Every structure is written in structure tokens, then in C-alpha cells.
Amino acid sequence: PCFAPVDLEVSEIGYGSATIDWTAGEDENQWIVNIFRTDYSFTDTVTSHPYTAEGLFAGMNYNVAVQTICGNGASYSDWSDTISFTTNICQPVSDVSAEVSEIFESTGDVEISWTAAEGTDAWQINYGELDFTTDQGTLIDVETNPCVLENLEQHLLYDLYVRTKCDENIFSVWSSKVQFVIP
């Protein structure tokens, strides 16, 4: 007999990944994992579990089911029960401010601060001259809040945006624009 996997569970849910595990029969060693939504379906044939699904979108609802491949592909089990999970949401920052204190006026430095979602510890700052587009600014990765941008040109009006870096290549949307000038 070819038995469907049981006790399907999803753990270690990230911004773009999730780990899927199940209980298999004694002699089973090949499965089809199907991850799907109404507008998306992905299947992968695997020979071990747990299985880590990657390339998912942050903040999205997914369904998953697993099927056993039996007899070297001669037959297939029924699908396991379907379970649902939601990938984590990459929260944007808010309340961004740029403060030029008297200490920084002569050096061209500005302190940037923002309100970050709990548990976040990495961000990107994108800044440039007035009305720059985010693909043309100076992009820096930071792990401190607040942080200091150094050696900016005095008497120039700058625009600045901040976003959360949730995972490698997974970011929140950019914050609202903040403008500042170094006196």
C-alpha cells in the first residue's frame, strides 16, 4: 500500500521561506510537496524531510500538501491533508527624522532616527539631492538606530528614505520622504 503523509506541520516561517515536515511510512523515501495559493502553485520532488520552501513572498497566505511517491514512481498516495500558513510581514519603518545638531553643523553630518518594528535590527537608508529617485540615491546598510550620515555637502537640500531589511534581499517599502539641509 502507498500511504499519504500524516501530521503535516509548518515551522520556522520566515519572510520568504518555511520549513515543512510530516510523518511518513516505514519504507517511503520520495515525496511531492505542493505549495499553492489561488494564483500560484509550486511543486518539488524531495527525498528527505523536513523540507525548506524558499522564494516565497513575504506576508502571503499559502497552502501546502504532500504526496508519497511509491514503488519507484509506479504509484502515488492520496494527498495529505492541506494546511495553511502565512509568511512573515516585512514591516516598514515610521516617524523618520533627520536632525542636524550644533555639534554636526561644521562637519556635514546628520543623525537619522526612525521608529522600527519590534525585533528588527537591519535597515537601508537611501539619500540624495532634492527630488532624487530611489534608484539613483546613495544606498547604505545600517544596523543601528539612530545612525549618523557623515561628510554631506553643506547648504544642499537632501531627500532621505529608510526601509527595513527583513532578510537577504527582502525589504519593506520605503518610508515617506524626509527632507533636511546641512547649514
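For the structure, see preceding data.
Residues numbered from 1 in each chain as written. Predicted model: local features only at pLDDT ≥ 70, side-chain atom pairs only at ≥ 80, totals over all residues. Heavy atoms only, no water.

### Some words on the pairing of strand S16 (residues 178–181)
One face of the sheet, then the other: side chains in a regular strand alternate in exactly this way.
Stage number 1. Of the two faces of S16, the one holding Val178 and Phe180 is buried and the one holding Gln179 and Val181 is not buried anywhere.
Stage number 2. Relative to S16, strand S14 (residues 157–167) runs antiparallel, the two being bridged by 4 bridges. Bridge pairing in S16 places leucine 160 opposite valine 178. (Buried < 20%, exposed > 50% of the residue type's maximum accessible area, 1.4 Å probe, protein only. Helix = DSSP H or I, 4+ residues; strand = E, 2+ residues; numbered from the N terminus. Pairing = 2+ DSSP bridges.)

### Digging into the layout of surface pockets
Stage number 1. As a volume, the largest pocket reaches approximately 210 Å³.
Stage number 2. Around the largest pocket, the lining comprises 14 residues; the ones closest to its centre are Pro1, Asp27, Glu28, Cys70 and Gly71.
Stage number 3. For the lining of the largest pocket, a count of residues per class yields 4 nonpolar, 7 polar and 3 charged. (1 Å grid on protein atoms, 1.4 Å probe; cavity = no way out; pocket = protein on both sides within 12 Å on 5 of 7 lines; lining within 4 Å. Points joined across faces, edges and corners; volume = space filled by probe spheres on them. Nonpolar A, V, L, I, M, F, W, Y, C, P; charged D, E, K, R; others polar.)

### Brief notes about unusual backbone geometry
Stage number 1. For the bond from histidine 49 to proline 50, the omega torsion is 10°, close enough to zero to count as cis.
Stage number 2. When you line up the elements, proline 50 lands in the loop between strand S4 (40–46) and strand S5 (51–54).
Stage number 3. Asparagine 145 connects to proline 146 through a cis peptide bond whose omega is 5°.
Stage number 4. The residue proline 146 is located in the loop between strand S12 (138–142) and strand S13 (147–149) in this model.
Stage number 5. Of note, aspartate 131 is a non-glycine position whose phi angle comes to about 65°, a positive value.
Stage number 6. Mapped onto the secondary structure, aspartate 131 falls in the loop between strand S11 (123–129) and S12.
Stage number 7. Classification of aspartate 131 by relative accessible area gives exposed; the value is 54%.
Stage number 8. The phi angle at asparagine 151 is positive, at roughly 60°, despite the residue not being glycine.
Stage number 9. Examined against the element boundaries, asparagine 151 turns out to sit in the loop between S13 and S14.

### A short note on the sheet that holds S5
Stage number 1. On the basis of which strands lie adjacent, the open sheet formed by 3 strands has the order S1-S2-S5 and antiparallel pairing. Edge positions in the sheet fall to strand S1 (6–11) and S5, since each of these pairs with one other strand and no more. Put simply, the sheet's adjacent strands are angled 25° from each other on average, direction ignored.
Stage number 2. The pairing of S1 with strand S2 (residues 17–23) spans 4 bridges and is classified as antiparallel. In the sheet register, glutamate 9 faces S2, and the bridge partner there is aspartate 21. (Axes fitted to C-alpha atoms, helices over the stretch in contact; angles between N-to-C directions.)

### Details of the pairing of S14
Stage number 1. For S14, the buried fraction is high: 8 of the 11 residues fall into the buried class.
Stage number 2. Here S11 pairs with S14 via 7 bridges, running antiparallel. Note on S14: the bridge partner recorded for isoleucine 125 is valine 162.
Stage number 3. Pairing of S14 with strand S15 (residues 170–171) involves 2 bridges; the strand directions are antiparallel.

Remember, this is a structural readout, not a statement about activity or role.
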